[in-house]
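Observations on the model geometry
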Amino acid sequence: MSNRTIADRIKIDALSPVIGGLVEGVDLARPLDAASRARLGQALLDHKVLFFEDQTITPQQQRNFAASFGKLHIHPIYPQVEDVPEILILDTHVDNLPDNDTWHTDVTFIETPPLGSVLYAKQLPPSGGDTLWVNNEAAFAALSPAYRAFLERLTATHDFVKSFPRERYATTPSEEKKWLVAQAKNKPVKHPVIRTHPVSGAKGLFVNEGFTTRINELSAAESRSVLDLLFAHIAKPDFQIRYRWKLNAVAMWDNRATQHYAVADYLPHRRVMHRATILGDRPF
């Protein structure tokens, strides 16, 4: 069977006009051939977030799938799967409350934020725990031309500490040591408020509640006003998709063109997810 024939078995159904695609015909436990990888890469550009259901994968297989799209990031704070440091563990429950129930783009606190992420549902609550994604390019396009032109001249600061405050993540001596190392290695960085996608050339918003602290060219009051407007704009359902997780489902998203929100409505139940994060390039 040729590579082209294997790639042709992949079926992708759009879940909304603006964001989201359901992928069938791919077993993520098996290595991707070149044609299948190219097909999924194009689908990621087209749909921004892809969902693969009924997948049974090990952490090593998840790592290998993600690594076929680029070098992987090792998170400085979150726990990792033993012997597979590229897979971080998001295990939330009453003794470890969720910290991702805000609109955020993963790891924008580094100079080269991720190309994308691959999230695998390991344990789910009886109900709830959905994740929402927003298309940052659609949100930008919906702004007025004058406001888009204004935003394109601006940069913003992104800070690791905003989502990983010392008071939560350094409560023991060992945690404090780890946090101090992470904080020292991840000083605040500057990114454009409007990012140009390095592959498609499309422009999209690149500020998020998780890590963006201020707009550099504006006064503090002006910065708050602009960010508040953009955060409210991003939260409009017009640009979003909400995914109700199934056990062993996988989501893969383009971190350069999206942000997401994990709904924290399931406590006192537990939710366990594994994530691989694919490094990207410097935003422009």
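Residues numbered from 1 in each chain as written. Predicted model: local features only at pLDDT ≥ 70, side-chain atom pairs only at ≥ 80, totals over all residues. Heavy atoms only, no water.

**Here we look at the overall build of the chain**
Note the cut-off: For helices the rule is a DSSP run of H or I covering at least 4 residues; for strands it is a run of E covering at least 2, with both sets numbered from the N terminus onward. For this measure, only C-alpha atoms enter the radius of gyration; the expected value for a globule follows 2.2 Å times N^0.38, where N is the number of residues. The buried label goes to any residue with under 20% of its type's maximum accessible area, the exposed label to any with over 50%, and the partly exposed label to all in between, with areas taken from a 1.4 Å probe on protein chains only. The charge count includes Lys and Arg as positive and Asp and Glu as negative, but it does not include His or the ends of the chains. Charge positions are represented by NZ for Lys, CZ for Arg, CG for Asp and CD for Glu.
A tally of helices and strands in the chain yields 9 helices and 16 strands. Compactness check: the chain gives a C-alpha radius of gyration of 19 Å against a globular reference of 19 Å for 284 residues, within 12% of the reference. Dimensions along the principal axes, computed over C-alpha positions, put the chain at roughly 60 × 50 × 35 Å. Put simply, the chain has 284 residues, and 52% of those count as buried. Taking the average location of the 33 positive side-chain charges in the chain and that of its 32 negative ones, the two points are 4 Å from each other.

**Some words on the packing of aromatic side chains**
Using the following cut-off: Between 30 and 60 degrees the pair is tilted, below 30 it is stacked and above 60 it is edge-to-face, where a pair is any two Phe, Tyr or Trp rings, Trp via its six-membered ring, whose centres lie within 6.5 Å. Remark: a charge is flagged as sitting over a ring if the NZ atom of Lys or the CZ atom of Arg is within 6 Å of the ring centre and within 35 degrees of the ring normal.
Evaluated as defined, the whole model comprises 17 aromatic pairs. Taking the centre distance of 6.4 Å and the plane angle of 55° together, the rings of Trp-133 and Trp-245 count as tilted. Of the two residues, Trp-133 sits in strand β7 (residues 131–135) while Trp-245 sits in the loop between β13 (240–243) and β14 (250–254), which places them 112 residues apart along the sequence. The same class applies to Trp-133 as to Trp-245, namely buried. Taken together through their ring pairs, the aromatic side chains of Tyr-78, Phe-109, Phe-160, Phe-164, Tyr-169, Trp-179 and Phe-211 make up a single cluster. Here the guanidinium or amino end of Arg-148 rests over the ring plane of Phe-140, the centre of that ring lying 5.8 Å away. One Lys or Arg, Arg-195, reaches over the ring of Phe-206 and ends 5.1 Å from the middle of that ring.

**What about the nonpolar core?**
Cut-off, in case you're wondering: Grouping buried Ala, Val, Leu, Ile, Met, Phe, Trp, Tyr and Cys residues that are joined through side-chain atoms within 4.5 Å yields what is termed a nonpolar core. Here, two residues are considered to be in contact whenever any of their heavy atoms come within 4.5 Å of each other.
Core analysis: the biggest nonpolar cluster contains 28 residues, and Phe-51, Trp-133, Phe-164 and Trp-245 have the highest contact counts within it. Apart from the residues lying within four places of it in its own chain, the contact partners of Phe-164 are His-75, Ile-77, Tyr-78, Asp-99, Phe-109, Tyr-169, Trp-179 and Phe-211. Counting residues in each nonpolar core, the second largest holds 25 residues, with Leu-50, Val-84, Ile-87 and Ala-276 among its members.

**What to know about the side chain of Lys-48**
Note the following rule: Pairs of N or O atoms within 3.5 Å make up the polar contacts considered here, provided that, within protein, one atom can donate a hydrogen while the other can accept it, and that residues adjacent in sequence are counted only when both atoms are side-chain atoms.
For Lys-48, the position within the fold is in the loop between α2 (34–47) and β3 (49–52). Lys-48 gets classed as buried once you look at its relative accessible area, which sits at 9%. Engagement of the side chain of Lys-48 in a polar contact is seen with the side chain of Glu-137, the distance being 2.8 Å. For Lys-48, the contacting residues outside a window of four places in its chain are Ile-19, Ala-43, Asn-135, Glu-137, Met-252, Trp-253, Asp-254, Ala-257 and Thr-258.

**A few points about the environment of Pro-114**
Along the chain, Pro-114 falls in the loop between β5 (84–92) and β6 (116–123). Counting along the chain gives 39 residues from Pro-114 to His-75, while the straight-line C-alpha distance between them is 11 Å.

**Thoughts on the sheet that holds strand β12 (residues 212–215)**
Where we set the bar: If DSSP finds at least two bridges between two strands, the strands pair. For helices, the fitted axis covers only the stretch in contact; all axes are lines through C-alpha atoms, and the angles between them, taken along N-to-C directions, range from 0 to 180 degrees.
Spatially, β9-β8-β12 is the arrangement adopted by the 3 strands of the open sheet, whose pairing is antiparallel. Strands at the two margins of the open sheet, each flanked by one partner only, are β9 (189–192) and β12. Neighbour to neighbour, the strand axes of the sheet diverge by 35° on average, direction disregarded. As paired strands, strand β8 (residues 155–158) and β9 are joined by 4 bridges and run antiparallel to one another. Its bridge partner lying in β9, Ala-156 is registered against His-191.

**Here we look at the sheet that holds β7**
With antiparallel pairing, the 3 strands of this open sheet are ordered in space as β13-β7-β15. Every interior strand has two partners, whereas the edge strands, β13 and β15 (258–262), have only one. Here the strands of the sheet are splayed against their neighbours by 20° on average, with no regard to which way each runs. For β7 and β15, the ladder comprises 5 bridges, and the chain directions are antiparallel. Looking across to β15, one finds that Thr-131 is bridged to Ala-262.

**Some words on the pattern of salt bridges**
Rule in force here: The rule for a salt bridge is simple: a side-chain nitrogen of Lys or Arg has to be within 4 Å of a carboxyl oxygen of Asp or Glu.
Going through the model one piece at a time under the given rule, you end up with 11 salt bridges. Its salt-bridge partner being Glu-53, residue Lys-246 comes within 3.2 Å of it at the nearest N-O pair. Highlighted residues: Lys-246 in the loop between β13 and β14 and Glu-53 in the loop between β3 and α3 (59–67), separated in sequence by 193 residues. Exposure remark for Lys-246: the relative accessible area of 46% places this residue in the partly exposed category. Residues Arg-166 and Glu-176 are paired through a salt bridge, measuring 2.6 Å at the closest nitrogen-oxygen approach. With Arg-166 in helix α7 (residues 166–169) and Glu-176 in helix α8 (residues 173–185), this residue pair connects regions lying 10 residues apart in the sequence. A residue is classified by how much of its surface remains accessible, and Arg-166, at 36% relative accessible area, is partly exposed.

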